[in-house]
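# Remarks on the overall topology
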Amino acid sequence: MASTLKLEIVTAEGPAYCEDVEMVTLPAVQGQIGVLPEHVPLMTQMVPGEIIVRKGGQDQFLAVGGGLIEVTADRVSILTDMAISVEKIDQASAEEARQRALARLNEKLSSEEVASVNAALARSLAQLNVKRRRRA
């Protein structure tokens, strides 16, 4: 049995993470799922939240937006609109983004604009939650 699997996270800006890891915990629509090497194939939707990556016996934490997850026996591929390691999260900027999104929700918006603002709000909340929980 393989002891690692390849984790690939891609955003619109390009590759955000590509490493061999021991385990990945993901925020899926069904709830939090853990993926180890030799996992059963799976394709699901990811919700904004936290990814926990176990590599070299250490945990790494990333805030992620919504996206798609594909799992095979030796690979986890994620396509998402945001992936930021906890060390790179700017708490002040994330809080400003949250405030802007909340203010925009009080305006008269089209349904498309409401969806876009809600997505921005979810991304900023994911960053704030990961940063506050991990205190990095």
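Residues numbered from 1 in each chain as written. Predicted model: local features only at pLDDT ≥ 70, side-chain atom pairs only at ≥ 80, totals over all residues. Heavy atoms only, no water.

### Here we look at the packing of helix α1 (residues 91-105) against helix α2 (residues 111-134)
- Two elements in contact, α1 and α2, have axes whose closest approach is 9 Å; the angle formed by their N-to-C orientations is 150°. Taken together, the axis directions place α1 and α2 in an arrangement best described as roughly antiparallel. Between α1 and α2 lies a crossing whose hand is left-handed. For the pair formed by α1 and α2, the contact residues are Gln91, Ala94, Glu95, Ala97, Arg98, Ala101, Leu102, Arg104 and Leu105 on the first element and Glu113, Val117, Asn118, Leu121, Ser124, Leu125, Gln127, Leu128, Lys131 and Arg132 on the second.
- Residues of the contact of α1 with α2, tallied by class, amount to 9 nonpolar, 4 polar and 6 charged. (Axes fitted to C-alpha atoms, helices over the stretch in contact; angles between N-to-C directions. Helix = DSSP H or I, 4+ residues; strand = E, 2+ residues; numbered from the N terminus. Parallel < 35°, antiparallel > 145°, perpendicular 65-115°, else oblique. Left-handed = near helix turned anticlockwise from the far one by under 90°. Contact = heavy atoms within 4.5 Å. Nonpolar A, V, L, I, M, F, W, Y, C, P; charged D, E, K, R; others polar.)

### Some thoughts on the pairing of strand β2 (residues 14-21)
- Pairing between strand β1 (residues 5-11) and β2: 7 bridges, direction antiparallel. If you follow leucine 5 over to β2, its bridge partner there is valine 21.
- Following β1, the chain reverses through 2 residues before pairing antiparallel with β2. (Pairing = 2+ DSSP bridges.)

### Considerations on the pattern of salt bridges
- Scanning the model with the defined rule gives 10 salt bridges in all.
- Linking arginine 123 and aspartate 81 is a salt bridge whose minimum nitrogen-to-oxygen distance equals 3.0 Å. You can see arginine 123 sitting in helix α2 and its partner aspartate 81 sitting in the loop between β9 (75-80) and β10 (83-85), a full 42 residues away along the chain.
- Judged by its relative accessible area of 23%, arginine 123 falls in the partly exposed class.
- Take aspartate 81: its relative accessible area is 40%, and that puts it in the partly exposed class.
- Linking arginine 104 and glutamate 107 is a salt bridge whose minimum nitrogen-to-oxygen distance equals 3.2 Å.
- Overlapping salt bridges, with partners in common, bring together Glu95, Arg98 and Arg132 in one network. (Salt bridge = Lys/Arg side-chain N within 4 Å of Asp/Glu carboxyl O. Buried < 20%, exposed > 50% of the residue type's maximum accessible area, 1.4 Å probe, protein only.)

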